[in-house]
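This is what each chain is made of:
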Amino acid sequence: MLRACHRNPFLVSVCQRRTIHSKNASINAFVAIADNVPNPNNITVGVKSNICTSELTTTCSSGILKVHFVSPFNATVVDLLQASGAQVIGKTNCDEFGMGSLNINSVHGPVVNPWEPTERRSAGAAREGAPRLALGTDTGGSVRLQLRTAASLALKPSYGLLSRWGVVPYADSLDCVGILAKDVALTQKVFDILNVHDPQDPTSVPSSSRNKGPTELRNLRVGVPQEYFPAELSPSVIDATKRTLKDLKAQGVTIVPVSLTSTSYALSANMARYDGVQYGTRVSPPPGSDLSKVSDVYSYSRTEAFGSEVKKRILLGTYSLSADAFDNYFLQAQRVRQLVKEDFDRAFHHVDVLIHPSAIRTAPLLDSASDGLDSYVQDVLTVPASLAGLPAVSIPVRNSEDGWPVGMSVVGQWGADDLVMKVGQLIESIQ
Amino acid sequence: MSRLLLDGWHVVLGIETHAQIKSRQKLFSSASTSLLSHGSNTNFNAFDAAFPGTLPRINPKCVLLALRASLALNCHVQQRSTFDRKHYFYSDLPVGYQITQHYSPIALDGYLVLPSTGKQVRIKQVQMEQDTAKSIFESRERTSYIDLNRSGSGLLEIVTEPDLESPDEAAEYVRTLQATLRAVGASDGNMETGSLRCDVNVSIHRPGEPFGTRCEIKNLNSVRYIVAAINHEIERQKALLVTSQPVAQETRGFDHHRWETFKLRSKEDAPDYRYMPDPNLGVLAINPAEIMHVQRTLPLLPEASRTRLIEKYEPQGVTRDDIDVLIGLDAQSDNGALPEITATAYFEKVVDNGRRDPKTVINWILNSLLGHLASQEKTFSSNHLSVNQLGEMIDMVASKELTGPSAKLVLRHILSNPPSSASLRQLAVDMNLVSMTKSSSQTGIEPDLSEICRRVIDAMPSEVAALQAGHRNVVNKLVGGVMKETRGRADANTTRSTILSLLK
């Protein structure tokens, strides 16, 4: 396939759209594909289906919005990208409302991993069809874990830097817009475009607090948190981590073991609006039903249209907020969150960034039974940075065991996004 | 402090008031707040309709008005307050939760003074929260319609301690609260148009015994209903307690057709709202300098206003009752339209710093103006008769250019027609009511008063004979004749003296 070369830093393949359509049938990565892309020379971006676009459906991969819900407005991050010349080529599949990390809980069906070992050697070909840039959301790790399927780099910026206006929330205080791109250079460029205060988002950090942090790599001190190496780590991940750290040392980086003791403690309201009244799927109550309580009427739509993972999390969240459970669950969770933040603050007095594996294993098989404990252990690796609102980038790293890419996470103190990306670039260059 | 006894029982009342904040935009969205006149579903945006991906943004004007109200109610303003989500499902709540201030409201521990007794009613707290949409049930179609205009508008919830002891006290509290909120511009406080609603908590107990179980009566939207609902509830609870039955803790409504309270839900059915801090809204921080600035810019409150009026005008013959009626005129704007200026301001403008006698002015307002308005079933409004028109009328009567009766004719004419900006003098001339005076006849425009007197004398010979025989009061009949001829324009005294001098 052709690789067009332009002054525009966003390189793009001219025949991308045709390829997307043909490949999507077997991959199911897109839930909506734009009909016309006015300027084929500009960058195309895939936008996760829980980020609002006024021209394509925003289904959040849920039955309750699958009835062709089109948002009346664009998310701010979409507007910013479009203003810089990028075009939305389609909406990408995801777990329903972002709840999950394996893209299997979607009303549109699961996403099949396009990264197959036989195509691995021709890296460019393997990435054909997929846009070089994607916008996602990361609440507990979903963007950082996407690299396993898209083999691209993933950045979850510091909380509050990228606007959440138009981003359908899962957990307001954790959600971040994430950037998936083919390399750090592109990620940095997109980050710079989107790193703008948005007055429509009350959690958007004011301009005065946004400073370009230090990006000096000399005398870099990298911390390796002990708690992020559970027994469940697969051999391929251990191998990739070891080699990365060795290569960094060879570059003159100091590796320091650190301890984040509250890691193990770390793992609902936003779903109430989906009642089928203003928009979305509405299932009419069957004739003869008791209509005296509004919540009963809503339950017909919600029972049918929400997937099981979403229902599970709604019930969990509702329970933890109920009068009986509030002190034991919600308040305790807030306290734990504070402990997690303090752990990171202490660590960053001694080191500049932290490095650890993003996932306990490479991409699992679709039909393998998901072990509840496994996903809990997996959460340990990504959730703490979300709880603390810290920037984290996940870089695909070679592994010699089974050939699949392994994600390596670099985590920095709040606001150190540029440094985190710089370290990511270093790791990328070592590959 | 001895508590009031009503028929042998102590009555304990607490009131929760929801007042719509008088801002142009809503509490967390930039959509406009609405008036009743606006078409349904014309003032809302994606946030009010709970579209996915929308976020709240606080309106600083609402915070300012909440501050003004809190300070007017003598509250302690919290420098840090927060917002919480109160969750429940209802079709007038699109997003499934209301953003309110449950854990940490903006103001605490204030009080409101009841003017008639000087009693202080303690205010427990003032908080900001969102209003719901309006649902209208069309019984013919058996369909509920939702109007989103009101969804997300700002409300002030003002909660009292259970310090009120009678329906009358409750009524006075509500009226005083309305006046206070209006004075600082925080709310229109109109119950009829819905910008003020009250929930009342009622319990009764025998002297010396602990407080009884309270019932809450929700959504009372007029002072009359509040009084009626409390009275009915007292009787209902009394009837239970005297027969040794317990009063169940319930939430009740008031049926204004049957004039009684009815059960809405019991304690067991009360929902668990699962209050949770709203993670999108941080802490509302208000610095002390700002609080002081707002305090300094507060206008005179109704209580202070009353004191000032009494001090200024009582020495000049205006009674306290007169002043209270004047103040009360604004509290009773039931038609939902506020007068352009308050009745007290109207009064003072006509008095015009002593240019006119206050006693005369207030009599004109309270007797003539209000009287005429009442006969036409209208309430006071400065729109009906302008300050200038009333001033001119009083001046013309004082200078005898208008007789009392003529003035009242002009007044009735003005009030029966759409408001006009014509000067009173012009209207009086047009109606041919300007007094006949000796000087006016000399210009040749007006018929000579003496001429008319002569005509009347000629037309009433028997009365003249009686007068000349010594029955002095008969002259009044002759004066009456002249008045009839001149349609009241002649001055009575001048006429009498003219007739008498003609008959000498």
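Because the structure is predicted, anything quoted here is derived from the model rather than measured. (Residues numbered from 1 in each chain as written. Chains lettered and ligands numbered in written order. Predicted model: local features only at pLDDT ≥ 70, side-chain atom pairs only at ≥ 80, totals over all residues. Heavy atoms only, no water.)

J.: Which residues make up the overall build of chain A, and what values do they have?
T.: When helices and strands are tallied, chain A shows 12 helices and 11 strands. Burial statistics for chain A: of 431 residues in total, 56% are counted as buried. Counting only carbon and sulfur atoms, one obtains 54% of the accessible surface of chain A, whose full area is about 18,400 Å². (Helix = DSSP H or I, 4+ residues; strand = E, 2+ residues; numbered from the N terminus. Buried < 20%, exposed > 50% of the residue type's maximum accessible area, 1.4 Å probe, protein only. Areas by Shrake-Rupley, 256 points an atom, 1.4 Å probe, with all protein chains shown as cover.)

J.: Provide a residue-level description of the sheet that holds strand E4 (residues 84-87) of chain B, including the pertinent values.
T.: Residue and element names in this part refer to chain B. Reading across the sheet, the 3 strands line up as E5-E4-E15 and stay open at both edges, with antiparallel pairing between neighbours. This sheet does not close on itself; its edge strands, each paired only once, are strand E5 (97-100) and strand E15 (276-277). Relative to E15, E4 runs antiparallel, the two being bridged by 2 bridges. Bridge assignment links Asp 84 to a residue of E15, and that residue is Pro 277. (Pairing = 2+ DSSP bridges.)

J.: An account of the environment of B:Thr379 is needed here, citing residue identities and associated values.
T.: Residues and elements named next belong to chain B. When you line up the elements, Thr 379 lands in the loop between helix H8 (358-375) and helix H9 (387-398). On the accessibility criterion, Thr 379 (37% relative accessible area) is partly exposed. On a C-alpha basis, the gap between Thr 379 and Leu 369 in space is 10.0 Å, while along the polypeptide they are 10 residues apart.

J.: So what's going on with the packing of aromatic side chains? Residues and values would help.
T.: Any pair of aromatic rings gets described here by the distance separating the centres and the angle formed by the planes. Residue and element names in this part refer to chain B. Overall, the coordinates contain 11 aromatic pairs over all chains when judged by the stated rule. Measuring from ring centre to ring centre gives 5.8 Å for Tyr 225 and Phe 254, while their planes differ by 45°; the resulting arrangement is tilted. Within this pair, whereas Tyr 225 is found in helix H3 (residues 223-242), its partner Phe 254 is found in strand E13 (residues 250-255), the two being separated by 29 residues in sequence. You can call Tyr 225 buried: its relative accessible area is 16%. Judged by relative accessible area, Phe 254 falls into the buried class, the value being 10%. The positively charged end of Lys 86 is found above the aromatic ring belonging to Tyr 273, 4.4 Å away from the centroid. One cation-aromatic arrangement involves Arg 206 over Trp 9; the distance from NZ or CZ to the ring centre is 3.9 Å. (Phe/Tyr/Trp six-rings, centres within 6.5 Å; stacked < 30°, edge-to-face > 60°. Lys NZ or Arg CZ within 6 Å of the ring centre and 35° of its normal.)

J.: Any chance you could break down the sheet that holds strand E2 (residues 44-48) of chain A for me, citing the residues and the numbers?
T.: All names here are of chain A. Reading across from one edge, E1-E3-E2-E4-E6-E5-E10-E11-E9-E7-E8 is the order of the 11 strands in this open sheet, with mixed pairing throughout. At either margin of the open sheet sits one strand with a lone partner, and together these are strand E1 (30-33) and strand E8 (254-258). If you compare each strand with its neighbour and ignore which way they point, the axes differ by 25° on average. Relative to strand E3 (residues 87-92), E1 runs antiparallel, the two sharing 3 bridges. Each bridged residue has a counterpart across the sheet, and for Ala 32 the counterpart in E3 is Lys 91. Most of the contacts of helix H6 (residues 184-194) go to strand E6 (residues 176-181), to which it runs at about 145°, and overall it touches strand E4 (133-138), strand E5 (153-156), E6 and strand E10 (392-397). (Axes fitted to C-alpha atoms, helices over the stretch in contact; angles between N-to-C directions. Contact = heavy atoms within 4.5 Å.)

J.: Describe the pairing of strand E11 (residues 406-412) of chain A, and please don't skip the residues or the numbers.
T.: The side chains of a regular strand alternate, first on one face of the sheet and then on the other. Residue and element names in this part refer to chain A. Of all 7 residues in E11, 7 are buried; the element is thus mostly enclosed. Burial along E11 is two-sided: Val 406, Met 408, Val 410 and Gly 412 facing one way and Gly 407, Ser 409 and Val 411 facing the other are all buried. Bridge count for strand E9 (residues 353-357) against E11 is 5 bridges, and the pairing is antiparallel. Paired with Pro 357 across the bridge in E11 is Met 408. Looking at chain direction, E10 and E11 are connected through 6 bridges and run antiparallel. What sits directly across from Ala 392, in E11, is Val 411.

J.: Report on the confidence of the model for chain B, specifying residues and quantitative values.
T.: Residue and element names in this part refer to chain B. Across chain B, pLDDT averages 88, with 95% of residues at or above 70. Across residues 438-445, where pLDDT falls below 50, the model places 9 contacts with residues more than four positions away in sequence or in other chains. The ipTM value of the predicted complex is 0.80, and its pTM value is 0.76. (pLDDT = per-residue confidence, 0-100.)

J.: Account for helix H7 (residues 343-351) of chain B, naming residues and giving values.
T.: Burial within H7(B) is extensive, with 7 of its 9 residues counted as buried. Phi for B:Asp352, located one or two positions after H7(B), is positive at around 55°.

J.: How would you sum up helix H16 (residues 492-502) of chain B? Please name residues and give values.
T.: Listing the buried residues of H16(B) in full gives B:Thr495, B:Thr498 and B:Ile499. Viewed end-on, H16(B) has its buried residues packed into an arc of 95°, placing them on one side of the element. (Arc of directions from axis to C-beta.)

J.: Go over the pattern of salt bridges, please, and point to the residues and values.
T.: All names here are of chain B. Under the criterion given, the structure shown has 32 salt bridges over all chains. With a closest N to O distance of 3.5 Å, Arg 150 and Asp 131 form a salt bridge. Placement of the pair is Arg 150 in the loop between strand E9 (143-147) and strand E10 (154-160) and Asp 131 in the loop between strand E7 (120-130) and strand E8 (134-138), with a sequence separation of 19 residues. Judged by its relative accessible area of 3%, Asp 131 is buried. Taking the shortest distance from any N to any O, the salt bridge between Arg 308 and Glu 348 comes out at 2.7 Å. Here Arg 308, found in helix H5 (residues 302-313), pairs with Glu 348, found in helix H7; they are 40 residues apart in sequence, far enough to count as distant. (Salt bridge = Lys/Arg side-chain N within 4 Å of Asp/Glu carboxyl O.)

J.: Give me the packing of H8(B) against H9(B): which residues, what numbers.
T.: Residues and elements named next belong to chain B. At their nearest, the axes of H8 and H9 sit 11 Å apart, and the two run at 120° to each other. Put simply, H8 runs oblique to H9. The interaxial crossing formed by H8 with H9 has right-handed handedness. Judged by residue contacts, Thr 360, Val 361, Trp 364 and Ile 365 of H8 engage Leu 390, Met 393, Ile 394 and Val 397 from H9. Here the contact of H8 with H9 is built from residues that sort into 7 nonpolar, 1 polar and no charged. (Parallel < 35°, antiparallel > 145°, perpendicular 65-115°, else oblique. Left-handed = near helix turned anticlockwise from the far one by under 90°. Nonpolar A, V, L, I, M, F, W, Y, C, P; charged D, E, K, R; others polar.)

J.: Please give an account of the interface of chain B and chain A that cites residues and values.
T.: For interface size, the figure often reported is the accessible area lost on association. Chain B puts 27 residues into the contact, and the matching count from chain A is 36 residues. Between chain B and chain A, a total of about 2,700 Å² is buried, with carbon and sulfur atoms accounting for 65% of that surface. Taken as a group, B:Pro52, B:Leu55 and B:Phe89 account for 25% of the area that chain B buries against chain A, more than any other trio of residues on that side. Across the chain B-chain A interface, the total number found is 1 salt bridge. The closest approach of N and O atoms between B:Arg85 and A:Asp172, which form a salt bridge, is 3.1 Å. Taken together, the links from chain B to chain A amount to 5 residue pairs in polar contact (both at pLDDT 80 or more). Listed by contribution, the elements that provide at least two residues to the side of chain B that touches chain A are E4 and E15 of chain B. Across the side of chain B that touches chain A, the residue classes tally to 17 nonpolar, 6 polar and 4 charged. (Buried area = accessible area lost by both parts, 1.4 Å probe. Polar contact = N/O pair within 3.5 Å; in protein donor to acceptor, adjacent residues only side chain to side chain.)

J.: Hey, could you go over the pairing of E9(B) for me, with residue numbers and the actual values?
T.: Residue and element names in this part refer to chain B. In this structure, E8 lies alongside E9, joined through 5 bridges in antiparallel fashion. Within E9, the position partnered with Lys 134 by the bridge is Asp 147. Taken together, E8 and the strand that follows it, E9, pair antiparallel across an intervening segment of 4 residues, in which Arg 142 is found at a positive phi of about 50°.

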